[in-house]
Amino acid sequence: MKLQRKTWWIAGLSIAGFLVSLFLFIHPRLLYLLLGLLVLALVLSYLFNKRVVSRVENLSTQLKSILTSKELSSRLSWSGQYQDDIHQLGSSINKMLDSIEEAQKEVNKLARYDPLTGLLNRCGLQEEFHNHHLNQRRNVSFLFLDLDGFKRINDSLGHQTGDELLKQMTNRMLGMLQHDQELLGRMGGDEFVMIVPDMSKKDLLHRTQEMMRSLKSEYSFEQVKTYITTSVGISRFPEDGDSFDDVFQYADIAMYEAKRKGKNQIVFYEELAQDLDYKHVLDLENDLKFSLDQGELYLDYQPIYSSGDNLLVAVEALLRWNHPNKGLIPPNRFIPIAENGGFICDIGEWVLEQSIRQAAGWREAGLGEIGIAINVSKQQMKQKDRFIMKMDKWLKQYKVAPSELQIEITESDIFYYDNEIREFAQILRNKGVRVALDDFGVGTSSLFNLKQLPVNVVKIDRSFIRCVPQESFDTSLLAGIYRVLDDLGFEVVTEGVESAEQVDFVANSSSSMFQGYYFSRPVSPDQIALLVQQQLTWQEAAAGKRE
């Protein structure tokens, strides 16, 4: 409207000035002609203003209002009297607003829902929890579910089958919801959370057990059938926590404890919070985080002896923790804590560098090249690029040949991390680093693993020699294993050798190396140096006698 008033004001002044000039200087006939042209111009100006300027101003005002209010559901409106370019402009703007609104809806959907299953994601679940339960202060229980061995299915049957399993599982869980106040969400991967109205612990336990039985039923994918179990952690609002994040975290903690206890378990957080053993684990986890900085970790080394001449040819680095208050903590106690706590990679890298540095130290002390074996964790193998980079750096820094380093992979890990381990082992072999399959015989598909994995060395688990040679079955079984491994061309180390009879049996049945208490317990680096020095002295004495 301001533009209209300004236009008419300027036009009026122009006309008045023009008329004065006409009366003074122009012939009457020409004056009439000019007056007619002016009237025509005024009419055209009015029509242009009505059909163009005012309509464009109207569209501009509406669009500005929509942008200011951010009401993307609003649309421009105008008279449909004229089907012209301005009409097309308005239609185009509305179509653009339609597209923006659809895109906004899609963004909101992605922000709240899991694209694979259509379930709520964590953000959506939290929002629904606030709307339905927190604001009404309803008592509810959080059920945190995690599939046991889902990665194995993904790796062996493919990600497409894994996705189909998640969809089938989602359909089963949706069928277990009893009313619209119950919520179900996927947190990513194979983790799900169900929020249900609170009930007695007995009823909740019964319902969860029924759900786990249903989820354990057979899953079919074309020609493949499989089963899967579920670990469940349960926490309650508001008993265990007064916010979504707290209760969610407690259910997650309870779920991981269910996995630690053997999987396919149900754990209530309230029981966990009262469990003295669990509190002890939490205390150890907190102390272990600072153990490296506090200088509490150290390495012992267990010798590995060659067959025939029984010479110390290598050592296995074994991690130890001397807690300032609790004393020595067994490795089988604190290493799983480090793995679950997510800081095993830092500790593992410390072990790698200390071992390589120690091998260089023995060499510089004139003790020769002593091979060194190091165990690696699942997390280190999953972060193989980081491990390889650090290994290359320290081998070069301390001038240790790759062939003097042996990386040991535990066979039981292969079941869940087959692809990652195979690739990790191949990279090591390509670099000249020796790869050993540790605890052979106690994992799954042992001989198949030997076919698939690029390993140099097989370390036979101590359980195979424990009853040798007293038990005929164990003796025959171990002898058969030696024949197979010898035919396949693997180097062999027999772990757990503890008696002279066992040494004689192994020596007579194979070319296996020895590792066990009969030769030496894990000892300090100085004691290893002493053993090697004694060995060198004996060799020199024997050589002198021969001369």
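Just so it is clear, the model here is predicted, and its values are computed rather than measured.

### Here we look at helix α14 (residues 384-397)
So, point 1. Given a rise of 1.5 Å per residue, 14 residues ought to cover 20 Å, and the 20 Å separating the end C-alpha atoms of α14 matches this to within 8%.
So, point 2. Taken as a whole, α14 has its buried residues at Lys-384, Phe-387, Ile-388, Met-391, Trp-394 and Leu-395. Down the axis of α14, the buried set is contained in an arc of 140°. They therefore lie on one face. For α14, the exposed residues lying more than 90 degrees away from the buried face are Asp-385, Met-389 and Lys-396.

### Description of the pattern of salt bridges
So, point 1. Applying the stated criterion across every chain yields a total of 24 salt bridges.
So, point 2. Ionic pairing is found between Glu-349 and Lys-390, a salt bridge with its closest N-O pair at 3.1 Å. Residue Glu-349 is found in helix α12 (residues 344-364), and its partner Lys-390 is found in helix α14; the two are separated by 41 residues along the sequence.
So, point 3. Accessibility expressed as a relative area gives 8% for Glu-349, which makes it buried.
So, point 4. What you see here is one network of salt bridges that share partners, running through Glu-316, Glu-408, Lys-459 and Glu-495.

### Examining the packing of α12 against α14
So, point 1. The geometry of α12 relative to α14 is characterised by a closest axis approach of 10 Å and an angle of 20° between their N-to-C directions. Relative to α14, the element α12 lies roughly parallel. In terms of crossing hand, the pair formed by α12 and α14 is right-handed. Within the contact between the two elements, α12 uses Cys-345, Asp-346, Glu-349, Leu-352, Glu-353 and Ile-356 and α14 uses Arg-386, Phe-387, Lys-390, Met-391, Trp-394 and Leu-395.

### As for unusual backbone geometry
So, point 1. Omega for the bond connecting Phe-237 with Pro-238 falls within 30 degrees of zero, at 5°, which places this linkage in the cis form.
So, point 2. Turning to its location among the elements, Pro-238 is positioned in the loop between β6 (229-237) and α8 (244-260).
So, point 3. The peptide bond linking Val-468 to Pro-469 adopts the cis configuration, its omega dihedral lying at 5°.
So, point 4. Despite not being glycine, Asn-310 has its phi angle at roughly 50°, a positive value.
So, point 5. Note on Asn-310: relative accessible area 31%, which makes it partly exposed.
So, point 6. Look at Asp-439: it is not a glycine, yet its phi comes out positive at around 55°.
So, point 7. Relative to the assigned elements, Asp-439 resides in strand β13 (residues 434-440).

### A word on the sheet that holds strand β3 (residues 191-197)
So, point 1. The strand order across the open sheet formed by five strands is β2-β3-β1-β6-β7, and the pairing between neighbours is mixed. Each edge of the sheet is formed by a strand with only one pairing partner; in this case those strands are β2 (183-188) and β7 (266-268). Strand-to-strand twist across the sheet, computed as the mean angle between neighbouring axes with direction ignored, equals 20°.
So, point 2. Here strand β1 (residues 140-148) pairs with β6 via nine bridges, running antiparallel. Residue pairing for β6: Val-140 is matched across the bridge by Phe-237.
So, point 3. Relative to the sheet, helix α6 (residues 159-174) contacts β1, β2, β3 and β6, its axis offset from that of β3 by approximately 5°.

Basis of the calculations
Residues numbered from 1 in each chain as written. Predicted model: local features only at pLDDT ≥ 70, side-chain atom pairs only at ≥ 80, totals over all residues. Heavy atoms only, no water. Helix = DSSP H or I, 4+ residues; strand = E, 2+ residues; numbered from the N terminus. Expected span 1.5 Å × (residues − 1). Buried < 20%, exposed > 50% of the residue type's maximum accessible area, 1.4 Å probe, protein only. Arc of directions from axis to C-beta. Salt bridge = Lys/Arg side-chain N within 4 Å of Asp/Glu carboxyl O. Axes fitted to C-alpha atoms, helices over the stretch in contact; angles between N-to-C directions. Parallel < 35°, antiparallel > 145°, perpendicular 65-115°, else oblique. Left-handed = near helix turned anticlockwise from the far one by under 90°. Contact = heavy atoms within 4.5 Å. Pairing = 2+ DSSP bridges.

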